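Fold and geometry: a report
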Amino acid sequence: MDEVLRQTLLYDFYGELLTKHQQDVYETVVQNDLSYSEAAEMFGISRQGVHELVKRSVKILEEYESKLHLVERFLKIRENVQQIQYLSSHCETIEKENLARQVSELSSRILEEL
């Protein structure tokens, strides 16, 4: 998975668990794509301070994911739903019993993840 997408998902799921200051700096650097120097000037801290704060925030987000696995589960569910969408858009070319079996298997996987 693309690292930017991963960071975005981690922040979407766990960002509220960061302090307000961590959120502000992280969003400025990672999501708004400002340089460490620009963010440092904006927040009145050193470039190194911004770098360390972002690094620490990423570590915190990764630790939450390693314990809770919400992003991993979300991605599995999304993949299963995409497969169901594919099957439904090609249902006229798939044998009815085979289609029903595949949809049943995919929906069971989704329910297991929930």
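Scroll up to find the structure this text is about.
Summary of the structure given here.

Reading the values: rules and limits
- For every chain, the first residue of its written sequence is number 1, and the numbers climb from 1 along that sequence.
- Thresholds applied to this predicted model are a pLDDT of at least 70 for local features of residues and 80 or more for the giving and counting of side-chain atom pairs; totals over whole chains, interfaces and linings are not thresholded and use all residues.
- Excluding hydrogens and water, the side-chain values take into account all heavy atoms of the structure.
- Every helix listed is a DSSP run of H or I at least four residues long, and every strand listed is a run of E at least two residues long, numbered separately from the N terminus.
- The globule rule is 2.2 Å times the number of residues to the power 0.38, and the radius of gyration it is compared with is taken over C-alpha atoms.
- Remark: exposure states derive from per-residue accessible area (1.4 Å probe, protein chains only) relative to the maximum for the residue type, with buried under 20%, exposed over 50%, and partly exposed in between.
- A residue counts toward a patch only above 30% relative accessible area and without a salt bridge, and it is joined to like-charged neighbours within 9 Å or, for Val, Leu, Ile, Met, Phe, Trp and Tyr, to nonpolar neighbours within 5 Å.
- Here, Shrake-Rupley sampling with a 1.4 Å probe gives the accessible areas, and only protein chains in the shown set may cover a residue.
- In what follows, salt bridge is the name for a side-chain nitrogen of Lys or Arg lying within 4 Å of a carboxyl oxygen of Asp or Glu.
- Side-chain rings of Phe, Tyr and Trp (the six-membered ring for Trp) are treated as a pair once their centres are within 6.5 Å; stacked means planes under 30 degrees apart, edge-to-face means over 60, and tilted covers the remaining angles.
- In this description, contact between two residues means that some pair of their heavy atoms is separated by no more than 4.5 Å.

Right, let's get into the overall build of the protein. For the protein, the helix and strand inventory stands at 6 helices and 0 strands. Ordering the α and β elements of the protein from the N terminus gives α-α-α-α-α-α. Relative to the globule expectation of 13 Å for 114 residues, the C-alpha radius of gyration of the protein, 20 Å, shows a markedly less compact shape. The C-alpha extent of the protein, read off along each of the three principal axes, is 65 × 25 × 20 Å. Every one of the 114 residues in the protein was classed for burial, and the buried ones make up 27%.

Taken together, the side chains of Phe13, Leu68, Leu70 and Phe74 make up a nonpolar region of the molecular surface, amounting to roughly 310 Å² of accessible area. With respect to the helices, strands and loops of the structure, Phe74 is situated in helix α5 (residues 70–89). Since its relative accessible area comes to 34%, Phe74 is described here as partly exposed.

Moving on to the packing of aromatic side chains. Tallying each qualifying case throughout the model produces 4 aromatic pairs. An aromatic cluster is present here, built from Phe13, Tyr14, Tyr64 and Phe74 joined pairwise through their rings.

Our focus in this paragraph is the side chain of Gln22. Among the structural elements, Gln22 can be located in helix α2 (residues 20–31). Gln22 gets classed as buried once you look at its relative accessible area, which sits at 11%.

Here we take up the side chain of Asn80. Position of Asn80 among the secondary structure elements: in helix α5. Look past the residues within four positions of Asn80 in its chain and what remains in contact with it is Leu106, Arg109 and Ile110.

With that out of the way, let us pick up the pattern of salt bridges. In the structure shown here, the tally under the stated rule is 6 salt bridges. In this structure, the salt-bridge partner of Glu72 is Lys76, at a minimum N-O distance of 3.3 Å. Here the residue Glu72 and the residue Lys76 both occupy positions in helix α5, the gap between them amounting to 4 residues, near one helical turn. Two residues, Arg101 and Glu105, come together in a salt bridge whose shortest N-O distance is 3.0 Å. Of this pair, Arg101 and Glu105 are both found in helix α6 (residues 96–113), 4 residues apart, which corresponds to roughly one turn of the helix.

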